[in-house]
Amino acid sequence: MGLAVTLAALLAGCGGGGGSVQQTADGYLVERGLAQKGPLARGSVVTLNELSANALAPNGKSYTFETNDAYGTFVPTSKFSSPYLGTTAEGYYFNEVTGNSEQWVVLRGLSNLSAGADRAVNVNVLSDVTTERIRRLVTGKPPLAFSAARAQAQRELLNALGIANGTELLSGGAAAPANFMELDLSQARQADQALAAISGLVSHVGNLRKNEGGVTAFLSELGADLGDDGQLNNSIQLGRSVTEQLQQAALAVNFGQVATHLNQFYGKQLYSRTDLAQWVDSSGGSDQVIDRHKYLTENVTLGQESLSPAWVAGADDAGQCLSVSGGVLYRNGIQQAGAVLAVKGDQFTLGITPAAPGSRTEYLQRSAAVSAQCTGQTPATRLLQYKVTVAAQAAMSLPADFLGANLPAINDYSYTPVYADLVKQARAFGPTDRPWGGPTDVVPVGSDGWPMGDFGVFLLALPGAEGTYKLSFTGKADVSLSASYNTRIENLRYDAALNRTTADVVRGPNADNPSATNMVLIFKNTGAGIKNLKVVRPGYDALNPPLFTNEFIDHIARFKVLRFMDWLRTNNNPSTSWATRTPPNRHYMPATGVPWEHVIALANQTQKDIWINIPVAADDDYVLQLARLLKSTLNGNSKIYVEYSNELWNSQFYQFGTNRNLATQELYDNPSSVLAYDGKTHVDVIGFRRIAKRGKEISDIFRSVYGDAAMMTTVRPVFASQVVQTYLAQLGLSFIDAVYGPPSRYFYAFAGAPYFNMGSLQQVDGLSVDAVLQALGDSVTALPRQAYLEKNVAFASWYGLPFFAYEAGSDTFGAGSLAAKKAATLDPRMLDLCKRYLSTWYAGGGQMLLWYTAGASNWDTQYGSWGLTTDLALTDTPKIQCIDQTRNGLLPPAQARNQVPGSFEALAYVENFAPYTERSKDQIRYLHPESYVDYLVYAPQAGSYSLVITAEAARSGNLIDVMVNSKLVASAFDLRAGGFGVQLDNPPIAINLSQGFSTLRIKTKVENGGFGLTKFTLR
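> How would you summarise the domain arrangement of the protein if you had to cite specific residues and measurements?
When its domains are assigned, the protein resolves into domain 1 (21-278), domain 2 (291-390), domain 3 (421-509 + 516-539), domain 4 (738-888) and domain 5 (902-1018). On a C-alpha basis, the centroid separation for the pair domain 3 and domain 5 is 69 Å.

Structural data, given as structure tokens:
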């Protein structure tokens, strides 16, 4: 179906506002006419050509006039000998979208001046688009009379623009136009409102195509596309279909502005935004219904039926089949079992009984009958949309573990004060003349981890952080500063009895260089070395500080689940054996990340669930020792989410190449490795299989320590992959399924990273705050498709796994427009944008989401405004408010296209969205053996359901397998055959669905002449 933009009401007043037509004894007179795109400017040229009746060919008589005012009025002074006129007007027109008259247009129209025929000679976009079609019908085989040809062409255009019962809209009564030549923008009747709306769409396209002929070229394309077959179906093979361009215009045009411009032009109040916007499909073609026929009922009670307003069948509906996409169809108050033939005057309503929280949308639709029968074999046109929403109180609270966070990296420049003692975040101990922590800037340390002689330590690279830090260590040394800004050492004392040195390291405001950051301490004359070095933040016990700061603990209290990927320095982590991990006596922050004991300490202190990452090259013993350490020291309440490395699909990380090398080596060492179980040995295949294989092995090792009962309860291994390339995950889990059995034995969840970002503007400089927020908002709107949300949820459900987000949030990474990005992140509008993002994730079937990142971060760099704030003291940033309001709020209702109970079309398969392409339709017409289609369905509650498949089959013997979440529910199911074009309902298939999302798969087993899927009904 084309863009749902249409005329829908009757013109008031005789002649349509364009003057009168008179037939005299010796010819025909036209008092005046109008040329309106918007109105053509004074002096525009209008040419009237007399036409022959049989072919509408010029008879040689042509008359030229000019418009005499700003409203497009022209006054023909000639008497015409033929009743048929072809009118052409050209000139600059008033652009109702911009409010200016800066473009040129050519408009055409065809008239019949005979008595009782046309009452006006007005040309506009609708008369222009139908001109070519009328000529073809008049000269076609069989030829049509002019009046019949024009009526058909107008009806076809209205249908192509989404109108229903267009024949009644052009009835020709006293208050109604008989044809498009009687419309007049200055009268603002309902039909004029619709003309203004359509003209606005055309103007928008013309504005975009100024260098391609503008409006005139676009009207020519519309006319050519309609002209050959009466449809806007791109039959003339344009590079971009006219329908698609109109649909995009419907999304872009500001109809309030169009109304204002027209009111100002005519000097009176004619139009409102609603007057115009009601004639377009504001979804841009997704709904396929103009807004005038969209209805919403809110706060419907679960299980209680709600009825749509009535649709009164018109002349065009008579003899056609009316049905509903889902719900229940009523005719004249009586429930119908299926599609029924309509009689003019019948009243049809659509009943929806919501079975789950959230919203549900269904359609009343019309299709052509076949031999006076409703077979379902002809395409359906949507007439009416009805949407119901369930009262908010029916929703449940957001589960505590649905919103967690990644902890930010710990280093000397971190804005999040994790450790009370700065030494634990410091760079490696270095020489006194090179205390920078580089690969060669190192000094020897003893078995206790402390330097064995003089050294320097780089503690802090952070602006601000003022106050008095308490220095203490065992032993005696000379202490000084290096490259430290506005910092001094005071009260340096050595207590010989305790063999302890203490001092105050005072950091104050630096007015001369407020961005100065460094704090570097130098220790000389240390003898055999000092030990137990501490530099404690202000406000904590100097000698016995807590491991973690109070600010950090308070900040993360809002989260149930914490991911430690950055703490563990998973990216590029070189650890291979347990001996190479970070030991608990490593006192600074090494390349192998924090000691595992610190992860455990934080979990034990806070009772949080932990999400940990195993280094890419860690051997089995490393995993075994880690599992034992967790089993013996972690509290019994904390859940453990275990992920193998991080983003092993991401080639920018060291671990990507390491995994590929390990896969290649495994196959080299053992050509019979299961990585090549099916003979496929390409490194891309075995590499991504190895990710899943190693994850499975890690899961097995944890099982050996914790036991079966703890697996998928206390210990929860996660398989992670890239959201936009689900085939990478498919390589892994299909391998597990084929070689080891159901992946759900080894993995608790499947996870991806569905960020929202700025798209093509990510690196652009000079953007405004509004532009940044608009780009981020567009990304949130596009999230379901941008992150392949439906496809990933369906993939996870197929294997019986929930879909998690191991990382998520706002991505502003990039060097451009840094100030605007920061300001946008602090803008109050970010709160609603963030909440809409999270709501979209949960409504689409996503479950646990781990924001990247918790804590504070620097928002003034090209590396992104990842953190929730710039300072933990700032507790009311939009992102923090978003997190807190979401975690304390309700779980958004599921937004599923295919809801149970109900019906859904076979074209609604995973990642196939309206408007459907011919290629997508072929997917369900030509489903050859071993090919399949998946459908994501949502059931509000677990239970037994019956599935009815509606399909057409050439002959019997077309066998399909029906599966739900990888379980076979019907094998070699033989589709009923009635020949192509005959849609038949098949016997019901019993299936069991769990509560929530499930994946229904239809797979061809045997093809015998072929078949096509039409509809699925689940009750």
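> Quick rundown of the packing of helix α4 (residues 190-208) against helix α6 (residues 242-252)? Include the residues and the values.
The contact between α4 and α6 brings their axes to 9 Å, and the two run at 100°. Of the possible angle classes, the one that applies to α4 and α6 is roughly perpendicular. Residues Leu-201, His-204 and Val-205 of α4 pack against Gln-245, Leu-246, Ala-249, Ala-250 and Ala-252 of α6. Tallied by class, the residues present in the contact of α4 with α6 amount to six nonpolar, two polar and no charged.

> How would you explain helix α10 (residues 596-606) if you had to name every residue and give the values?
Side chains that are three or four residues apart share a direction in an α-helix, a result of its 3.6 residues per turn. The complete set of buried residues in α10 reads Trp-596, His-598, Val-599, Ile-600, Leu-602, Ala-603 and Thr-606. A positive backbone phi angle near 65° is found at Gln-607, which sits one or two residues after α10.

> Describe the environment of Leu-29, with residues and values.
Turning to its location among the elements, Leu-29 is positioned in strand β2 (residues 27-30). Sequence separation of Leu-29 and Phe-80 is 51 residues, and the distance between their C-alpha atoms is 6.5 Å. Apart from the residues lying within four places of it in its own chain, the contact partners of Leu-29 are Ser-20, Val-21, Gln-22, Thr-24, Ser-78 and Lys-79.

> Residues and numbers for the packing of aromatic side chains, please.
If you walk through the whole model with that rule in mind, you get 45 aromatic pairs. Note on Tyr-63 and Phe-80: the rings are 5.1 Å apart at their centroids and 85° apart in plane angle, and the pair reads as edge-to-face. Of this pair, Tyr-63 sits in strand β5 (residues 58-66) while Phe-80 sits in the loop between β6 (73-74) and β7 (84-95), placing them 17 residues apart in sequence. Per residue, the accessibility class of Tyr-63 equals that of Phe-80, and both read buried. Ring pairs connect the aromatic residues Phe-719, Phe-747, Phe-750, Phe-795, Tyr-799, Phe-803 and Trp-841, which therefore count as one cluster. Seen from the ring of Tyr-363, Arg-382 lies directly overhead, with NZ or CZ sitting 3.7 Å from the centre.

> Describe the pattern of salt bridges, naming the residues involved and giving the relevant values.
Counting across every chain of the model gives 48 salt bridges. Between Glu-212 and Arg-209 there is a salt bridge, and its shortest N-O distance comes to 3.4 Å. Its relative accessible area of 10% is what places Arg-209 among the buried residues. Linking Asp-287 and Lys-294 is a salt bridge whose minimum nitrogen-to-oxygen distance equals 2.9 Å. Judged by relative accessible area, Asp-287 falls into the buried class, the value being 18%.

> Tell me what's going on with the layout of surface pockets, and back it up with residues and numbers.
Empty space among the atoms can be located by rolling a probe the size of a water molecule over them. Computed from the structure, the second largest pocket encloses a volume of approximately 1,500 Å³. Lining the second largest pocket are 46 residues, with Asp-566, Phe-813, Tyr-852, Tyr-863 and Trp-866 sitting closest to its centre. Across the lining of the second largest pocket, the residue classes tally to 24 nonpolar, 17 polar and five charged.

> So, the side chain of Asn-571: which residues are in play, and what are the values?
Following the sequence through the fold, Asn-571 ends up in the loop between β28 (561-563) and α10. Among the polar contacts listed, one links the side chain of Asn-571 to the side chain of Asn-646, at a separation of 2.9 Å. Apart from residues no more than four positions distant in its own chain, Asn-571 is found in contact with Met-565, Asn-646, Phe-653 and Gln-655.

> Give a description of the packing of helix α13 (residues 683-706) against helix α14 (residues 726-739) that names residues and reports values.
Contact geometry for α13 and α14: axes closest at 8 Å, N-to-C directions at 55°. In terms of their interaxial angle, α13 and α14 are classed as oblique. Between α13 and α14 the crossing geometry is right-handed. Only Leu-728, Leu-731, Gly-732, Phe-735 and Ile-736 of α14 make contact with α13, whose side of the interface consists of Asp-684, Val-685, Phe-688, Arg-689, Ala-692, Lys-693 and Lys-696. The residue makeup of the contact of α13 with α14, split by class, is seven nonpolar, one polar and four charged.

Cut-offs and rules
- Residues numbered from 1 in each chain as written.
- Predicted model: local features only at pLDDT ≥ 70, side-chain atom pairs only at ≥ 80, totals over all residues.
- Heavy atoms only, no water.
- Domains from an automatic or database assignment.
- Axes fitted to C-alpha atoms, helices over the stretch in contact; angles between N-to-C directions.
- Helix = DSSP H or I, 4+ residues; strand = E, 2+ residues; numbered from the N terminus.
- Parallel < 35°, antiparallel > 145°, perpendicular 65-115°, else oblique.
- Contact = heavy atoms within 4.5 Å.
- Nonpolar A, V, L, I, M, F, W, Y, C, P; charged D, E, K, R; others polar.
- Buried < 20%, exposed > 50% of the residue type's maximum accessible area, 1.4 Å probe, protein only.
- Phe/Tyr/Trp six-rings, centres within 6.5 Å; stacked < 30°, edge-to-face > 60°.
- Lys NZ or Arg CZ within 6 Å of the ring centre and 35° of its normal.
- Salt bridge = Lys/Arg side-chain N within 4 Å of Asp/Glu carboxyl O.
- 1 Å grid on protein atoms, 1.4 Å probe; cavity = no way out; pocket = protein on both sides within 12 Å on 5 of 7 lines; lining within 4 Å.
- Points joined across faces, edges and corners; volume = space filled by probe spheres on them.
- Polar contact = N/O pair within 3.5 Å; in protein donor to acceptor, adjacent residues only side chain to side chain.
- Left-handed = near helix turned anticlockwise from the far one by under 90°.

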